[in-house]
Amino acid sequence: MNSQPSLKKIALAVSMAVLATSNVVAQTDEDKVLDEVVTTGSRLQGSASAVIEERKNQAFVADILGAEQLARTGDSDAASALRRVTGLTLVDGKFIYVRGLGERYSSARLNGAAIPSPDLTRNVLPLDIIPASIIESLSVQKAYSPSMPAAFGGGSIDIRTKTVPSEFTAGIEIGTGFDSSASTGYTYSRESASIPLVLQDAITQYRGDFTVGNIISRNNLVDTATATRSEQALAINNQLLESLPRNFALKDESLDPAYNAKAHIGNSIDEEWLGGTLGFLLSASYDNSWDAADKRTAVLTQNLGEGCATELNTLEDVSTSCFDTVKDTVSTTENERYNGVLNVGYKLGAHQVSYTNLYLADNEDESQVSSLQAPAGSTVYSIVGNGRANRSHEFKYEERVLKVSQFVGKHTFLDYAGLGADWQYTRSHASTNIPTNVEFKFRDAYENGELVSSSITGDDNRALFSYTDMDDRVNSYGGNLSLPLTVGDFELEFKAGYDFSDRARTYNTSSFAVNNETGSQLVINDGSTSPLSNGDYLTNDFIEGQRILIDFNEPTAPDADDYLAAQKIGAGYGMFDVFYKGTWRVSGGLRYEEFKQTSIGTSSLIFGQDDLDIYYAPDKIEAGSINADDIYPAISFTYIGGEDYQIRAGYGETVVRPDLREVVPVSYYDPLTDIRTFGRVGLQSSPIKNYDLRYERYLANGDNYSVAAFYKDITAPIETVLRIGDEDYSATFINGESANVYGVEMEWLHDLGYVANGFFTSGNVTLSKSEAVIADALAGNLTNSTKPMTGHSEYVVNLQLNYDSVNGEHSGSLVYNVFGERILAAGVAGRQDAYEQPFHSLDAVYTYYPNFSSTIKFKVRNILGEDQEVTQSDVVVRAKEAGTSFSVSYNYEF
């Protein structure tokens, strides 16, 4: 790494434990504030002041979001809450972009520990899986410090869960709600749990080849008096197909309202044996909701004609010269989430240890009904052009689970100059299982705009059945030592620590295709019944009455669609923190990190040593491996102007590394772009130089303001490159030449008591620019080889108008969020880049406190009712309905 020697000299050895201890103090102070404000009515201002005090004491630039602030905005999970933080934007409801940098440039830890991701397509944790009910605070550190992992780009998020209470607490909460777009939808009955056993055995018996000829050969079939060998083989193939669940008829019906329930109980007691305090906290929650949305996706024609409709309002728009294809989809989704958390802690004097066991489950069941059309003369049909259209029914059920077991200890040795120590040991396991992933393809015929028949065409892949499972395990452990010293006018804090993590991931997928080998189009619905019932046409009589066969869609060596991956990180660091006369502060240090990662593409069709030699060849293992070690420095200067203001300046060197699956040639569909994406062997890490400058102003009445500037210089950034095939897009990854992002941030908390009692405002604004340069030799079909970074928004705005009544019985917030347009996918073959358009989100939250124990909360989300849109060449190519949701909840504290 090209580091600056002068900075490395300054950023020597060992650092401040005041960070570790100040977190605890701030958290304790926050609890005290919350206890007091229930009767004074200044809930949010009190808790916000507590977390701002923690931010003020940080040596490196950070933003803190407390539990009361989460409750104020009504956000239900960590992802939606973090979009309120300065410079953070939310993508796909799961991933956080910090300062305009994609999710690969941010990382998330749980109570300081590395944890795995249950997301199939990302290395980072999807933050929507973490419910707000278990969060004590969220810390977003935007300036790198050596106590953090070196894999740092935009920022590092630490999710701090609630801990053992100091006294008895218990409570319950129930709630319900509905979404304006989710009154009716398409539902179905789910059957399957895994690949049928008969199919698993057949994969081994027939080596993945279910063709009639191979079945004859493997079974040594002979002609009999009742059937030929082909007939016997066909019957065997039919039996394999019949083992699959095939009843996927849809129903158009009313959807249930959302509902949820939460409960917790905890206490602490003084034990007499050692004289310490033993406590526990047990919490659980359940949430169920439905969503229904109309979506439209279009592919622009390469040579865009004049007079194109800027929006697809009618089917006649399809017949213009603007589009190659247009796909209309009705999506219905049921989301079920439940979790349980157990915390047990023991405190003896200046020593405390705790154990946390966390279980999170997030299940999603989705159906999609799509119609694909194109202008007349295309191989894809349109109702308007020629009375035909392609239709598909898709069904997907996904189970995501995260399990975490964590031991944490904090110790202060007063007899040894106040030496402090803290440590953690964490074992975590993330899994994703997709036991249902089915797609049916139909051809519809229309007369005068009315459906008259549905058929399956005489070719392959008329139905696809896929099964996927992913298992990701991480063991993480680390510790820190801190030593405070006072020498004359200098207050010193030294800190040293270690951080280790071991990670292992397995990913397996299997796919079965249903082929119409009659070569003819077969009518499955003559128009007399609803097309929603077409998903149950694969009856035994239909299968056995004609040549409808099953095939195993698994690549053979050397191609792969599964992978194994392992990662090991070992790190040690030293830091210092120096105060001079309470006015000047210098903090810095060095981190040494050794990184090892290996990803290997595999297949379920491995039947002998020859296959093993191909997939596990030494050159393939080496090509999918990254071995690197380096030193990462950081330095921060702070001028403290009394209690009123402080000025910070910081510099750090970090790195962003490829995802586990990005370095093997295994494909997957990216949910953000819906594009088939391939890993790339030889992808390299991206070194980053980070510069930060920040001014913070604090007033006696609790008002505070900050202005910050930042600049990031990225070498060999990892960028997505699109390719155009015969029928569709595909994507892969490359290392660009360089990239940079720079901007300013402004944040405030301001009391409006001079206007009206109880009112105050808070918010933040980020303005930034970015540029990525991709070498022409690697740019492929990219229209623009120099462009803004993918996912970057030039502006992000968060505004809040808050109210707390003087008597403490009422509080409310009006919350607004918007981000500037951002590249969702780079344009290819002359097409311009596709931009996700600004989404103006306006939410309202009102809370009523009828007595000391009860809370009633009303929430309205997306009051403006805007739809989500993506444009290309100023033409809308993707649109999704986003309704307005209403909810009410009742909480009782015993």
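Counting starts from 1 at the beginning of each chain's written sequence and moves along it residue by residue. Reporting of local features is limited, given that this is a predicted model, to residues whose pLDDT is at least 70; pairs of side-chain atoms are given and counted only at 80 or more, and all residues count toward the totals for whole chains, interfaces and linings. Each side-chain value is worked out from all heavy atoms of the structure, with water and hydrogens disregarded.

**Concerning the overall build of the chain**
Stage number 1. A run of DSSP states H or I qualifies as a helix once it reaches four residues; a run of E qualifies as a strand once it reaches two. Both are numbered from the N-terminal end. Of regular secondary structure, the chain possesses 13 helices and 43 strands.
Stage number 2. Only protein chains enter the accessibility calculation, which uses a 1.4 Å probe; a residue whose area is less than 20% of its type maximum is buried, one above 50% is exposed, and one in between is partly exposed. Scored against the burial criterion, the 894 residues of the chain give a buried share of 53%.
Stage number 3. The long-range share in the chain, meaning contacts at least 24 apart out of those at least 6 apart in sequence, stands at 74%.
Stage number 4. When the accessible surface of the chain is split by element, carbon and sulfur atoms take 53% of a total near 37,200 Å². In what follows, residue pairs with any heavy atoms lying within 4.5 Å of each other are defined as contacts. All accessibility values rest on the Shrake-Rupley procedure with a 1.4 Å probe; residue burial counts only the protein chains present in the view.

**Here's the deal with the pattern of salt bridges**
Stage number 1. By definition, a salt bridge exists where a carboxyl oxygen of Asp or Glu is found within 4 Å of a side-chain nitrogen of Lys or Arg. All chains considered together, the criterion is met by 27 salt bridges.
Stage number 2. In this structure, Arg547 and Glu517 form a salt bridge, with 3.5 Å as the shortest nitrogen-oxygen distance. Residue Arg547 is located in the loop between helix H10 (540-545) and strand S21 (548-552), and its partner Glu517 is located in the loop between strand S19 (490-516) and strand S20 (522-525); the two are separated by 30 residues in the primary sequence.
Stage number 3. Given a relative accessible area of 34%, Arg547 falls into the partly exposed group.
Stage number 4. Beyond isolated ion pairs, a larger network of salt bridges with shared partners links Arg109, Asp499, Arg591, Glu593 and Arg657.

**Some remarks on unusual backbone geometry**
Stage number 1. One non-glycine residue, Asn111, lies in the positive phi region at around 50°.
Stage number 2. Note that Asn111 resides in the loop between strand S4 (106-110) and strand S5 (113-114).

**So, the nonpolar core**
In globular proteins that are soluble, nonpolar side chains generally tend to be buried together.
Stage number 1. The criterion is simple. A nonpolar core is a set of buried Ala, Val, Leu, Ile, Met, Phe, Trp, Tyr and Cys residues joined through side-chain atoms within 4.5 Å. Membership of the largest hydrophobic core comes to 41 residues, with the highest contact counts inside it found for Phe210, Phe440, Phe465, Phe512 and Leu538.
Stage number 2. Looking at this core, the element that brings in the most residues is S21, giving four residues.
Stage number 3. Excluding residues within four positions of it along the chain, Leu538 makes contact with Arg246, Phe440, Ala463, Val514, Ile543 and Ile548.
Stage number 4. If you look at the next biggest cluster of nonpolar residues, it comprises 31 residues, including Leu70, Leu82, Val404 and Ala430.

**Focus on the packing of aromatic side chains**
Stage number 1. The pairing test for Phe, Tyr and Trp rings, Trp by its six-membered ring, is centres within 6.5 Å, and the orientation test on the planes gives stacked under 30 degrees, edge-to-face over 60, and tilted for anything in between. Applying the stated criterion across every chain yields a total of 35 aromatic pairs.
Stage number 2. Here the aromatic rings of Tyr651 and Tyr691 are separated by 5.0 Å at their centres, their planes lie at 55°, and the arrangement is tilted. On the criterion of sequence distance, the pair formed by Tyr651 in strand S25 (residues 645-656) and Tyr691 in strand S28 (residues 686-698) is long-range, its members being 40 residues apart.
Stage number 3. What makes Tyr651 buried here is its relative accessible area of 7%.
Stage number 4. Grouped by ring-pair contacts, the aromatic residues Tyr188, Phe248, Phe395, Phe440, Phe442, Phe465, Tyr537 and Phe542 constitute a single cluster.

**Structural notes on the packing of helix H7 (residues 212-219) against helix H8 (residues 229-242)**
Stage number 1. The interhelical angle for the contact between H7 and H8, taken along N-to-C directions, is 100°, at an axis separation of 9 Å. Comparing the axis directions of H7 and H8 gives the class roughly perpendicular. Between H7, through Val212, Ile215, Ile216 and Asn219, and H8, the contact on the second element is made entirely by Arg229, Ser230, Ala233, Leu234, Ile236 and Asn237.
Stage number 2. Here the residues of the contact of H7 with H8 sort into six nonpolar, three polar and one charged. Axis geometry follows a simple rule: fit a line to the C-alpha atoms, using only the stretch in contact for helices, then measure angles between N-to-C directions, giving values from 0 to 180 degrees. In this scheme, roughly parallel covers angles under 35 degrees and roughly antiparallel covers those over 145, while 65 to 115 is roughly perpendicular and the rest are oblique. Amino acids outside the nonpolar list (Ala, Val, Leu, Ile, Met, Phe, Trp, Tyr, Cys, Pro) and the charged list (Asp, Glu, Lys, Arg) are all regarded as polar, and Gly is one of them.

**Observations regarding H8**
Stage number 1. Under the convention used throughout, the expected extent of a helix is 1.5 Å for every residue step, that is, one less than its residue count. Spanning 14 residues, H8 covers 20 Å between terminal C-alpha atoms, matching the ideal 20 Å at 1.5 Å per step.
Stage number 2. Of the positions making up H8, those classed as buried are Ala233, Asn237, Asn238, Leu240, Leu241 and Glu242.
Stage number 3. Tucked inside the fold, the buried residues of H8 contact helix H6 (197-205), H7, S19, H10 and S21.

**Some words on the sheet that holds strand S7 (residues 155-161)**
Stage number 1. Here we have five strands laid out as an open sheet, ordered S1-S6-S7-S4-S5, and mixed in their pairing. Of all the strands in the sheet, just strand S1 (62-66) and S5 have a single pairing partner and so form its edges.
Stage number 2. Two strands pair when backbone bridges link them, and S4 and S7 are joined in this way by five bridges, in the parallel orientation. For Ala108, the partnering residue across the bridge sits in S7 and is Ile157. When DSSP finds two or more bridges between two strands, those strands count as paired.

**Some remarks on the pairing of S1**
Stage number 1. Judged by how many residues are buried, S1 sits mostly within the fold: five of five residues are covered.
Stage number 2. Here S1 shows two buried faces, one formed by Ala62, Ile64 and Gly66 and the other by Asp63 and Leu65.
Stage number 3. Sheet analysis places S1 next to strand S6 (residues 135-141), joined by five bridges and oriented antiparallel. Counted as the bridge partner of Gly66 is Ser137 from S6.

**Overview of H7**
Stage number 1. The complete set of buried residues in H7 reads Val212, Asn214, Ile215 and Ile216.
Stage number 2. On the buried face of H7, the contacting elements are H8 and S21.
Stage number 3. Where H7 ends, the next residue or the one after it, Asn220, has phi of about 50°, a positive value.

**Focus on a nonpolar patch on the surface**
Stage number 1. Nonpolar side chains collect at one region of the surface, where Phe168, Ile172, Ile265, Ile269, Leu278, Phe280, Leu282, Leu342, Val344 and Phe894 lie side by side and expose about 860 Å² of accessible area between them.
Stage number 2. Of all the secondary-structure elements, those providing two or more residues to the nonpolar patch are strand S11 (258-270), strand S12 (277-300) and strand S13 (323-348).
Stage number 3. Broken down by element, the nonpolar patch gets its largest block of residues, three residues, from S12.
Stage number 4. On the secondary structure map, Phe168 appears in the loop between S7 and strand S8 (169-179). Any residue with relative accessible area above 30% and no salt bridge may belong to a patch, with like charges joined within 9 Å and the nonpolar Val, Leu, Ile, Met, Phe, Trp and Tyr side chains within 5 Å.

**So, the confidence of the model for the chain**
Stage number 1. Summing up the model confidence of the chain, the mean pLDDT is 83 and the portion of residues at 70 or higher is 87%.
Stage number 2. This model gives residues 1-46 a pLDDT under 50, and the stretch forms 116 contacts once residues within four places in sequence are excluded. Here pLDDT means the predictor's own confidence in every residue, given as a number from 0 to 100.

**Observations concerning the environment of Asp472**
Stage number 1. When you line up the elements, Asp472 lands in strand S18 (residues 463-487).
Stage number 2. Distance from Asp472 to His429, taken between C-alpha atoms, is 5.8 Å for residues 43 residues apart in sequence.
Stage number 3. In contact with Asp472, not counting residues within four places along its chain, are Pro116, Ser117, Ser428, His429, Ala430, Arg503, Ala504 and Arg505.
Stage number 4. Among the polar contacts made by the side chain of Asp472, one reaches the side chain of Arg503 at a distance of 2.6 Å. We define a polar contact as two N or O atoms separated by no more than 3.5 Å, with the added condition that, inside protein, one atom must be a possible hydrogen donor and the other a possible acceptor, whereas residues neighbouring each other in sequence contribute only through side-chain atom pairs.

**Some words on the side chain of Asn525**
Stage number 1. As for its placement among the helices and strands, Asn525 is situated in strand S20.
Stage number 2. A relative accessible area of 3% places Asn525 in the buried class.
Stage number 3. Only 3.1 Å separates the side chain of Asn525 from the side chain of Asn534, close enough to count as a polar contact.

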